[in-house]
Amino acid sequence: MKVLGLGDNVIDRYTHTGIGYPGGNALNFSVYARLLSAEAAYLGVFGDDRAAEHIRRVLAARRVDISRCLVAAGENGHASLTIEQGERRFLGSNAGGIRQKIAMDFALEDMPWLGQFTLVHTSAYSYADALLPALGMLPGRLSYDFSDDFEIERALPLCRWLDYGFFSCADRSLGETREVLAAARHAGCRLPIATRGAEGALLFDGSRWFSQAPEMITPVDTLGAGDAFITAFLLAHAAGDTLAESLRRGAGFAARICMVEGAFGEGMIY
């Protein structure tokens with residue numbers, strides 16, 4: 001299986017240790033897919049600073065294809081956070097750094113290349129919303145992570161292009177979460193899924209509701225857990241697993257990633 005993460009990459013700066021770890025939703029998807037034995041590529045924009053150089057070196061070592069990425073003069077994306085009893089807490093960011101200033105339109109320059117992927121995954125922080133109509137016409141499946149600060153009125157118009165839509169709903173009630181997923185399904189998203197932190201995950205296929213409890217562990221670092229869930233679920237479902245089994249695989253891989261510092265390790269002193 002060949003998959004593509006399209007969009008954001010950052011260095012997650014841990015203020016309590018002075019260590020920065022590669023991350024970002026689209027980049028994590030590509031790395032996690034490699035960990036799960038898929039052939040993975042990442043497509044995005046890097047700055048030309050030490051952080052970007054470190055991320056590129058890590059991706060090359062992990063055999064993630066970055067041959068179509070752009071490198072631009074400027075600061076790479078970064079976020080600041082800390083860990084409190086294993087739970088990550090975000091403190092701020094530079095909103096993607098140089099990536100804000102460069103349109104992602106270049107991603108569509110080679111549609112045959114994009115057409116080779118079984119899955120393309122992107123996210124709310126990837127500045128790629130304008131690309132969704134073209135990406136949605138590709139033969140592979142399209143996935144999008146709306147994260148936790150989505151506005152449903154802005155999210156729903158994007159759903160028509162999506163095979164999978166992920167919503168972080170840890171701060172919403174079960175009733176509110178069901179309303180979000182039902183609205184996303186009605187708007188055209190084939191499979192809307194909500195992650196709810198310690199409450200697990202919920203999926204609506206248009207007629208049936210599926211729930212998945214998290215694996216109970218004492219986490220080292222929850223950063224990347226949601227991205228890990230997304231990746232393992234997507235790969236399992238695209239490979240033909242049932243929805244219930246795909247959810248189970250997502251929960252298991254998310255628990256595994258919670259035992260690693262950073263999204264997947266590979267820290268640097270920033």
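Here goes a summary of the coordinates provided. (Residues numbered from 1 in each chain as written. Predicted model: local features only at pLDDT ≥ 70, side-chain atom pairs only at ≥ 80, totals over all residues. Heavy atoms only, no water.)

**Digging into the overall build of the protein**
Helix and strand counts for the protein come out as 8 helices and 15 strands. The C-alpha radius of gyration computed for the protein amounts to 17 Å, which stays within 12% of the reference 18 Å derived for 270 residues, consistent with globular compactness. With the C-alpha coordinates of the protein rotated into their principal frame, the extents come out at 50 × 45 × 35 Å. Out of the 270 residues belonging to the protein, those deemed buried represent 53%. Roughly 11,700 Å² of accessible area belongs to the protein as shown, and the carbon and sulfur atoms make up 50% of that amount. (Helix = DSSP H or I, 4+ residues; strand = E, 2+ residues; numbered from the N terminus. Rg over C-alpha atoms; globule rule 2.2 N^0.38 Å. Buried < 20%, exposed > 50% of the residue type's maximum accessible area, 1.4 Å probe, protein only. Areas by Shrake-Rupley, 256 points an atom, 1.4 Å probe, with all protein chains shown as cover.)

**Observations regarding the sheet that holds strand β7 (residues 78–84)**
The 5 strands are arranged β8-β7-β2-β3-β15 in an open sheet whose pairing can be described as mixed. A strand with exactly one partner marks an edge of an open sheet, and here the two such strands are β8 (87–93) and β15 (268–269). (Pairing = 2+ DSSP bridges.)

**Structural notes on a nonpolar patch on the surface**
Judged by side-chain polarity, I217, V220 and M259 come together as a nonpolar surface patch covering roughly 230 Å² of accessible area. With respect to the helices, strands and loops of the structure, V220 is situated in the loop between β14 (209–212) and α7 (225–238). (Patch = residues over 30% accessible without salt bridge, like charges linked within 9 Å, V, L, I, M, F, W, Y side chains within 5 Å. Salt bridge = Lys/Arg side-chain N within 4 Å of Asp/Glu carboxyl O.)

**Looking at the nonpolar core**
Within the largest apolar cluster, 36 residues are counted, with the highest numbers of intra-cluster contacts made by L4, L6, L43, L135, F146 and F167. Counting residues per element, the ones that place at least two in this core are β1 (2–6), β4 (39–43), α3 (111–114), α4 (132–136), β10 (141–145), α6 (174–186) and β13 (201–204). With 3 residues, α6 is the largest single contributor of residues to this core. When sequence neighbours within four positions are dropped, the list of residues in contact with L6 reads A26, L43, M104, A107, V120, H121, T122, S123, S126, A128, L131 and L135. Among the nonpolar cores identified, the runner-up in size contains 24 residues, and A201, L235, L243 and C258 belong to it. (Core = buried A, V, L, I, M, F, W, Y, C linked by side-chain atoms within 4.5 Å. Contact = heavy atoms within 4.5 Å.)

**Some details on the sheet that holds strand β9 (residues 119–123)**
Sheet architecture is open: 8 strands sit in the order β4-β1-β9-β10-β11-β12-β13-β14, paired in mixed fashion. A strand with exactly one partner marks an edge of an open sheet, and here the two such strands are β4 and β14. Averaged over neighbouring strand pairs, the angle between their axes works out to 20° when direction is ignored. Here β10 pairs with strand β11 (residues 164–168) via 3 bridges, running parallel. Residue pairing in the sheet places D145 in a bridge with F166 of β11. Across the sheet, helix α8 (residues 243–257) is in contact with β12 (191–195), β13 and β14; its angle to β14 comes to roughly 25°. (Axes fitted to C-alpha atoms, helices over the stretch in contact; angles between N-to-C directions.)

**Observations concerning the packing of helix α1 (residues 25–35) against α7**
For any two helices packed against each other, the geometry comes down to the angle between their axes and how far apart the axes lie. Look at α1 against α7: their axes get within 9 Å of each other, and the N-to-C directions meet at 50°. Classed by the angle they form, the pair α1 and α7 counts as oblique. Between α1 and α7 lies a crossing of right-handed hand. Touching N25, N28, F29, Y32 and A33 of α1 are D227, A228, I230, T231, L234 and L235, all from α7. Tallied by class, residues from the contact of α1 with α7 come to 7 nonpolar, 3 polar and 1 charged. (Parallel < 35°, antiparallel > 145°, perpendicular 65-115°, else oblique. Left-handed = near helix turned anticlockwise from the far one by under 90°. Nonpolar A, V, L, I, M, F, W, Y, C, P; charged D, E, K, R; others polar.)

**Some words on helix α2 (residues 50–61)**
Under the 1.5 Å per step criterion, the end-to-end length of α2 is 17 Å for 12 residues, consistent within 8% with the ideal 16 Å. Three or more residues of α2 are buried, namely A51, A52, H54, I55, V58 and L59. End-on, the buried residues of α2 take up no more than an arc of 160°, which puts them together on one face. Opposite the buried face of α2, by more than 90 degrees, sit the exposed residues R50 and A61. Where α2 is buried, its residues meet β2 (10–14), β3 (19–23), α1, β4, β5 (45–46) and β15. Just downstream of α2 lies R63, where phi reads positive at about 60°. (Expected span 1.5 Å × (residues − 1). Arc of directions from axis to C-beta.)

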